[in-house]
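# Working through the structure, step by step
Single-letter residue listing:
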2 protein chains.
Amino acid sequence: MDLKMFYTKSVFVSNLIGPMLSFSTSNCKFGALKVYKGNSQGGVSFVGQDAYEVGDCSYRYDGSGSNPSLFTEKRVLDAFDDEYGGVVVNPEKLPFESKVFASILRSSVSVWRTEGKKGIWLKLPVEKCDLVPIAVREGFQYHHAETGYVMMTYWIPNEPCMLPANASHQVGVGGFVINDKNEVLVVQEKHCAPELVGLWKLPTGFILESEEIFTGAIREVKEETGIDTEFLEVIAFRHAHNVAFEKSDLFFICMLRPVSSEIKTDDLEVQAAKWMALTEFVEQPLIKGDNMFKKIIDMCIARIGKRYCGLAVHKVVSKFDNRLSSLYYNVVDDQKFDGCLHDSCST
Amino acid sequence: MDLKMFYTKSVFVSNLIGPMLSFSTSNCKFGALKVYKGNSQGGVSFVGQDAYEVGDCSYRYDGSGSNPSLFTEKRVLDAFDDEYGGVVVNPEKLPFESKVFASILRSSVSVWRTEGKKGIWLKLPVEKCDLVPIAVREGFQYHHAETGYVMMTYWIPNEPCMLPANASHQVGVGGFVINDKNEVLVVQEKHCAPELVGLWKLPTGFILESEEIFTGAIREVKEETGIDTEFLEVIAFRHAHNVAFEKSDLFFICMLRPVSSEIKTDDLEVQAAKWMALTEFVEQPLIKGDNMFKKIIDMCIARIGKRYCGLAVHKVVSKFDNRLSSLYYNVVDDQKFDGCLHDSCST
């Protein structure tokens, strides 16, 4: 008997192989399952696609029969294989009902283990938050979360887990903007650590999701001070750890050229903003007395004096990901540069 | 009557103000709650610390009385205020019982709203995964998750959410290692995208949690090839988006100096490794035909020819976070450098 004929994606089977299986029938929405049967070699064989009800309807499964191992069926969640021997579950075809999910999840893991799969990726949308405790009890771990979902994982093999970690770094940018009067654009923040109260600092902020460093720097300066700028270079970057949520932080100090002069502050984050004489800026005790701040400003000043080459941005396509990404690098001998006095930088 | 005398951290009150309150008594562990009472101005006043049972014991609250608004008590989860007008709930003092949690969470949010609080941070350890759906139903959102917990947030004010986002970037490193025979250290990976099969590439990998870029580059090269190296500079970095889990990726190409020569590959990730003549490396069609790869290698070659200045690493302390962090910058005029031919780089 060709069992496949009994399984279609949109129809519930009311009787299958006698008393083996029975479902309640209704017209509710279906999720998709693959159906496997135990084979006489002790493994499982894929027998076809099946449907389960997405909703609160229950179904009964009777595993009895003259040869139980042949008729032991396991339901498997809809998923696809990734390039690394892992499985990615389809979040749009998860059952809502917790008990159904618990059972299907358990049998899915069992089948994938038999198939030699490695990592299982289970993305649970927030609408299906009830399934989170179920997955935890089945041995899944949190991997990461975003506003709309939590991603959970399960590493099957008895060997070190090779699943990649999630994002580990926040990225911030600071804009060093100096005008032709040798005045630097500075702000005083509304909310800051107590020891920084009163400090006139460079405009800084985090870049947004999928935002470029150079775009983010221009945007932050614009938002905080109203000044329009052009990106020149990344002067330097700082790398720190255990900054927020025990994550790491990369902060890029960017040289920007102002193309407007009238300041208009953002009242939400900024107390005040102004053009401040560079000499006055570096004389602030809070800058002068701090190695980090001082070093950063020294380099910015060197850059103005054209004694310093930062990393300019270039958009380059790699055909392996067909992606236009940003490559930040120093200029090489034969490339024109913004009048830098480095032998290798000027043409 | 001084209500505070009725509230202590470790004692359950059996009767309070007649029929207002009754608790089941037992010797089980207590969680801590603050207790607020409605006041005649329509707000809430803090009246003291209270205990609730951490476990499955239930408690009954009876809100009746001659002046309900005065006797309406609200329980509040143990939490502390952050610097930004927000509240951070103590994850170690959460109730286990879902119904208790639902009720306390709701009243806590209500009290914090009255107090003018802004963001609520609710960290739910994995042992308390049952509370996740409760929090979602009370209006909390996923913020991020790690193996041991999921962090949820609630933004109270009716204005744009100012809560900071979580980490958004993965950070990878690649090591450009060249010996005195002008041979570059290359590997062939075991697992790679189909179009990259056969490519001899630089050793690359992700940095670990809290790991330095320069340390990670040395480690990756060592793990993949067995070669010991010293870090020289960051040559360039690439910034790409929507790479994995819709997050962004920063990839730092590092120049490393080899201090050993005998190759020993890591069988888990690497198919093979060898020293390859630089001319042969750049002639590979997969390198030659790709703008990104080609550009990166051009700069590495320029750096060997001392016609390029990358960013060297310096450990600097900022006294504002008392943290030793890594600052990567180009050398300035008066600093000694590795024989670079830039006028500004050599002494």
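Chain A carries the name Hydrolase in an unreviewed UniProt entry, which gives Helianthus annuus as its organism. Quoted straight from UniProt, the Sequence similarities (unreviewed entry) entry for chain A says "Belongs to the Nudix hydrolase family."

## Focus: the relation of the copies chain B and chain A
It takes a turn of 180 degrees to lay chain B on chain A, together with a shift of 0.1 Å along the axis; the resulting RMSD is 0.1 Å. What the superposition gives is, in effect, a two-fold axis relating one chain to the other. Comparing interface residues between copies, 100% of those in chain B also lie at the interface in chain A; the contact surface is shared.

## So, the interface of chain B and chain A
On the chain A side, the residues contacting the 93 residues of chain B number 93 residues. Here chain B packs against chain A, burying approximately 8200 Å² in sum over the two surfaces, 61% of which is carbon and sulfur. Summed over the shared surface of chain B and chain A, the result is four salt bridges. Close ionic contact of Lys247 of chain B with Glu146 of chain A constitutes a salt bridge, the shortest N to O distance being 2.8 Å. Counting the contacts that link chain B with chain A gives 19 residue pairs in polar contact (both at pLDDT 80 or more). Here the side of chain B that touches chain A takes ten residues from strand S14 (residues 229-244) of chain B, the largest share from any one element. Along the lines of polarity and charge, the residues of the side of chain B that touches chain A split into 48 nonpolar, 25 polar and 20 charged.

## Section: the domain arrangement of chain A
Assigned domains of chain A: these are domain 1 (75-162) and domain 2 (169-305). The centre of domain 1 of chain A, based on its C-alpha atoms, is set 43 Å off from the matching centre of domain 2 of chain A.

## Describing the packing of aromatic side chains
Counted according to the given criterion, the structure contains 13 aromatic pairs over all chains. Centre to centre, the rings of Phe214 of chain A and Phe231 of chain A are 5.9 Å apart; their planes meet at 55 degrees, and the pair counts as tilted. Placement of Phe214 of chain A in helix H4 (residues 213-225) and of Phe231 of chain A in strand S14 (residues 229-244) is noted, with a sequence separation of 17 residues between them. Phe231 of chain A carries the same exposure label as Phe214 of chain A, and that label is buried. Look at Phe237 of chain A and Phe252 of chain B: their rings are 5.1 Å apart centre to centre, the planes differ by 35 degrees, and that puts the pair in the tilted class. Within this pair, whereas Phe237 of chain A is found in strand S14, its partner Phe252 of chain B is found in strand S15 (residues 247-258), the two belonging to separate chains.

## A closer look at the sheet that holds strand S10 (residues 149-155) of chain A
Residues and elements named next belong to chain A. Pairing in this open sheet of five strands is mixed, and the strands run S6-S7-S8-S10-S9 from one edge to the other. The open sheet is flanked by strand S6 (79-81) and strand S9 (141-146), the only strands paired with a single partner. On average, each strand axis in the sheet is tilted by 20 degrees relative to the strand beside it, whichever way the strands run. The pairing of strand S8 (residues 119-125) with S10 spans seven bridges and is antiparallel. The partner of Pro125 across the bridge, within S10, is Tyr149. Against the sheet, helix H2 (residues 98-114) makes contact with S6, strand S7 (87-89), S8 and S10, and its axis sits at roughly 160 degrees relative to S8, the strand it touches most.

## Points about the environment of His239 of chain B
Turning to its location among the elements, His239 of chain B is positioned in strand S14. For His239 of chain B, a relative accessible area of 0% corresponds to the buried category. Along the sequence, His239 of chain B and Leu250 of chain B sit eleven residues apart, while their C-alpha atoms lie 4.7 Å from each other. His239 of chain B has contacts with Ile207, Glu211, Glu212, Ile213, Ser325, Ser326 and Tyr328 of chain A together with His169, Ser248, Asp249 and Leu250 of chain B, leaving out every residue within four places of it along the chain. Here His169 of chain B takes part through its side chain, which lies 2.8 Å from a polar atom of the side chain of His239 of chain B.

## A word on the pairing of strand S11 (residues 169-177) of chain A
For a regular strand, side-chain orientation follows a simple rule: the groups alternate between the two sheet faces. All names here are of chain A. Of all nine residues in S11, nine are buried, a share of seventy percent or more. Neither face of S11 is left uncovered, since the one carrying His169, Val171, Val173, Gly175 and Val177 and the one carrying Gln170, Gly172, Gly174 and Phe176 both have all their residues buried. As paired elements, S11 and strand S15 (residues 247-258) share nine bridges and run parallel to each other. If you follow Gly174 over to S15, its bridge partner there is Ile253. Of the pairings in the sheet, the one linking S11 to strand S13 (residues 204-206) comprises three bridges and is antiparallel in character.

## Topic: the UniProt feature "domain: Nudix hydrolase" (unreviewed entry) in chain A
Per the UniProt entry, the sites bearing "domain: Nudix hydrolase" (unreviewed entry) are residues 168-299 of chain A in this numbering. The distance separating the terminal C-alpha atoms of residues 168-299 of chain A is 28 Å; by composition the span is 24% helix and 42% strand.

## A short note on the nonpolar core
Ranked by internal contacts, the top residues of the largest apolar core, which has 91 residues, are Ile213 and Phe252 of chain A together with Ile213 and Phe252 of chain B. Per element, the largest residue contribution to this core is seven residues, and it comes from S15 of chain A. If sequence neighbours within four positions are ignored, Ile213 of chain B has contacts with Phe237, His239 and Leu250 of chain A together with Val171, Val173, Ile207, Val234, Phe252, Cys254 and Tyr328 of chain B.

## Some details on H2 of chain A
Residues and elements named next belong to chain A. With 17 residues, H2 ought to run about 24 Å at 1.5 Å a step, and its terminal C-alpha atoms sit 24 Å apart, in line with that. By the burial criterion, the buried members of H2 are Val100, Phe101, Ala102, Ile104, Leu105, Ser107, Ser108, Val109, Val111 and Trp112. Where H2 starts, the residue carrying a side-chain oxygen 3.1 Å from the main-chain nitrogen of Lys99 turns out to be Glu97. Looking one or two residues beyond H2, the residue adopting positive phi is Gly116, at roughly 80 degrees.

## Comments concerning the pattern of salt bridges
A complete count under the given rule lists 28 salt bridges over all chains for this structure. A salt bridge links Glu230 of chain B to Arg257 of chain B; the shortest N-O distance between them is 2.8 Å. Placement of the pair is Glu230 of chain B in strand S14 and Arg257 of chain B in strand S15, with a sequence separation of 27 residues. Residue Glu230 of chain B is classed as partly exposed on the basis of its relative accessible area, which comes to 38%. Of the residues examined, Arg257 of chain B reaches a relative accessible area of 34% and is grouped as partly exposed. A cluster of three or more residues bridged by salt bridges with shared partners is formed by Glu211, Arg219, Glu220 and Glu223 of chain A.

## With respect to the pairing of S8 of chain A
All names here are of chain A. Counting buried positions along S8 yields six of seven residues, so the element is predominantly enclosed. Relative to S8, S7 runs parallel, the two sharing two bridges. Each bridged residue has a counterpart across the sheet, and for Val88 the counterpart in S8 is Trp121. Handedness of the crossover joining S7 and S8 through H2 is recorded here as right-handed.

What counts and what doesn't
- Residues numbered from 1 in each chain as written.
- Chains lettered and ligands numbered in written order.
- Predicted model: local features only at pLDDT ≥ 70, side-chain atom pairs only at ≥ 80, totals over all residues.
- Heavy atoms only, no water.
- UniProt positions renumbered as here; feature names shortened; annotations may be inferred.
- Least-squares fit on C-alpha atoms with pLDDT ≥ 70 in both.
- Contact = heavy atoms within 4.5 Å.
- Buried area = accessible area lost by both parts, 1.4 Å probe.
- Salt bridge = Lys/Arg side-chain N within 4 Å of Asp/Glu carboxyl O.
- Polar contact = N/O pair within 3.5 Å; in protein donor to acceptor, adjacent residues only side chain to side chain.
- Helix = DSSP H or I, 4+ residues; strand = E, 2+ residues; numbered from the N terminus.
- Nonpolar A, V, L, I, M, F, W, Y, C, P; charged D, E, K, R; others polar.
- Domains from an automatic or database assignment.
- Phe/Tyr/Trp six-rings, centres within 6.5 Å; stacked < 30°, edge-to-face > 60°.
- Buried < 20%, exposed > 50% of the residue type's maximum accessible area, 1.4 Å probe, protein only.
- Pairing = 2+ DSSP bridges.
- Axes fitted to C-alpha atoms, helices over the stretch in contact; angles between N-to-C directions.
- Core = buried A, V, L, I, M, F, W, Y, C linked by side-chain atoms within 4.5 Å.
- Expected span 1.5 Å × (residues − 1).
- Right-handed = clockwise from strand over helix to strand, strands pointing away.

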